[in-house]
Amino acid sequence: MKYFLDTANVDEIRRLNALGIVDGVTTNPTIISREGRDFETVIKEICTIVNGPVSAEVTGLTREEMIEEARNISKWADNVIIKIPMTEEGLAAVNVLSKENIKTNVTLIFTVSQGLSAIKAGATYISPFIGRLEDIGTDAYALIEDLRHIIDFYGYNAEIIAASIRGLPHVEGVAKRGAHIATIPDTVFAKLFSHPLTDQGIATFMKDWAAFKK
Ligand code: G3P
C-alpha cells in the first residue's frame, strides 16, 4: 500500500519525504487554508518536492467551473491530480477531463455506488472517507473491501485512496482491506515508524554501551 501525506505544509512534506516512504500528497481547501499561502504557489512547491501524484482540489461547483479550473491547474506540474467532489456536476467534469487525459481524484465518497459511479465516469483515484464514516457509525472497512473487490473483479484501473485517516489503526485497517493508498495527516505519519519500546531499547543500549566503554 502506498503512503500519501494529507497536508500542504511544505516543511513537513520535505522532512517526511526524505525518508523515502512518501508516495504522494493530497490537499483540500481546508488543508490549504491552514497554510495561509497562495494556493497555486503551494501546489507548485509541493509538486517539486515529491515525485508522486499531488492532489489539488477545485472549488467551483458547476461542471463548467470545475473543468476550467482543472485545465488550468493541470498545467502547473506534470504530477498534479485534480480533486473533484462527488456530485453530479463533479462526475460530468470527470467524464470530460478523463477524455483529455487529465487525471482526477474523486473525493467525499461514502458508498459503494458513489465509488463505482466515479470509476465509471473515468476517475483515476477515488477517495472514501474512513473517519467520517465511522463518525456516523458506518463500517468504513467494508466499503474499502467492497470497492477493492469491484475494481479487481471488473478489471478497472482506478485506485482507492483511503482518506479521513485519524490514527494508526485506520492505516493498518485499510492496508489489510486492500486500499491501494492511505492518505495520512503529518501528525499521524510520524507514528508510522516510531514506538516507545524502540526509544526505550535505544536508551538501554546507549546506557549499557557507555558503562562498558568506561
Ligand atoms: O483526506 C481527507 C481529510 O483531510 C479529512 O479528514 O479527519 O477532517 O475527516 P477529517
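Residues numbered from 1 in each chain as written. Predicted model: local features only at pLDDT ≥ 70, side-chain atom pairs only at ≥ 80, totals over all residues. Heavy atoms only, no water.

### Section: the pairing of strand β5 (residues 104-109)
Counting buried residues along β5, 5 of its 6 residues qualify, which places the element largely inside the surrounding structure. Note on the crossover from strand β4 (residues 80-85) through helix α5 (residues 88-99) to β5: the handedness is right-handed. Looking at chain direction, β5 and strand β6 (residues 125-128) are connected through 4 bridges and run parallel. The residue of β6 that forms the bridge with I109 is P128. Handedness of the β5-helix α6 (residues 112-121)-β6 crossover: right-handed. (Buried < 20%, exposed > 50% of the residue type's maximum accessible area, 1.4 Å probe, protein only. Helix = DSSP H or I, 4+ residues; strand = E, 2+ residues; numbered from the N terminus. Right-handed = clockwise from strand over helix to strand, strands pointing away. Pairing = 2+ DSSP bridges.)

### Points about the packing of α6 against helix α8 (residues 140-154)
Remark: α6 packs on α8, axes separated minimally by 10 Å, with the N-to-C direction vectors making an angle of 35°. Handedness of the crossing formed by α6 with α8: right-handed. Taken together, the residues of α8 that come into contact with α6 (itself represented by V112, G115, L116 and I119) are L143, D146, L147, I150 and I151. Of the residues belonging to the contact of α6 with α8, the class tally is 7 nonpolar, 1 polar and 1 charged. (Axes fitted to C-alpha atoms, helices over the stretch in contact; angles between N-to-C directions. Left-handed = near helix turned anticlockwise from the far one by under 90°. Contact = heavy atoms within 4.5 Å. Nonpolar A, V, L, I, M, F, W, Y, C, P; charged D, E, K, R; others polar.)

### Focus: the packing of aromatic side chains
With the rule as written, the count across this model stands at 7 aromatic pairs. Residues F39 and W76 carry aromatic rings whose centres are separated by 5.4 Å and whose planes lie at 70° to one another, so their mutual orientation is edge-to-face. With F39 in helix α3 (residues 39-49) and W76 in the loop between α4 (63-73) and β4, the pair connects residues that are 37 residues apart, well separated along the chain. The exposure class assigned to F39 is partly exposed, which follows from its relative accessible area of 25%. Measuring from centroid to centroid gives 6.0 Å for Y154 and Y156, while their planes differ by 40°, and the two rings are tilted. Note on Y154: relative accessible area 53%, which makes it exposed. Site record: aromatic cluster; members linked through ring pairs are F153, Y154 and Y156. Above the plane of the ring of Y141 lies R177, whose end atom (NZ or CZ) is 4.1 Å from the centre. (Phe/Tyr/Trp six-rings, centres within 6.5 Å; stacked < 30°, edge-to-face > 60°. Lys NZ or Arg CZ within 6 Å of the ring centre and 35° of its normal.)

### A closer look at the sheet that holds strand β1 (residues 2-6)
Read around the closed barrel, 8 strands run β1-β2-β3-β4-β5-β6-β7-β8, paired in parallel fashion. Each strand axis lies, on average, 30° off the axis of its neighbour in the sheet, ignoring direction. Looking at chain direction, β6 and strand β7 (residues 159-162) are connected through 2 bridges and run parallel. By the bridge assignment for β7, Y125 is matched with E159. Against the sheet, α5 contacts β4 and β5, and its axis sits at roughly 150° relative to β4.

### Looking at helix α1 (residues 10-17)
When we look at burial in α1, the residues that qualify are V10, I13 and L16. Down the axis of α1, the buried set is contained in an arc of 135°. They therefore lie on one face. In this structure, the buried residues of α1 make contact with β1, β2 (24-26), α3 and α10 (186-189). The opening residue of α1 is N9, an N-cap whose side-chain oxygen sits 3.0 Å from the backbone nitrogen of D11. (Arc of directions from axis to C-beta. Polar contact = N/O pair within 3.5 Å; in protein donor to acceptor, adjacent residues only side chain to side chain.)

### Concerning the UniProt feature "active site" (unreviewed entry) in the chain
The UniProt record marks K83 with the feature "active site" (unreviewed entry), using the residue numbering of this structure. Other than its neighbours up to four places away in sequence, K83 contacts T26, T27, N28, S55, A56, E57, V58, N105 and T107. (UniProt positions renumbered as here; feature names shortened; annotations may be inferred.)

### With respect to the pattern of salt bridges
For the structure on display, the rule yields 10 salt bridges. The residue R14 makes a salt bridge to E45 at a minimum N-O spacing of 3.2 Å. One end of the pair, R14, is in helix α1; the other, E45, is in helix α3, and 31 residues separate them in sequence. Measuring nitrogen to oxygen at the nearest pair gives 2.7 Å for the salt bridge that ties E45 to R37. Using a relative accessible area of 33% as the deciding quantity, one classes R37 as partly exposed. The structure contains a network of salt bridges with shared partners spanning R14, R37 and E45. (Salt bridge = Lys/Arg side-chain N within 4 Å of Asp/Glu carboxyl O.)

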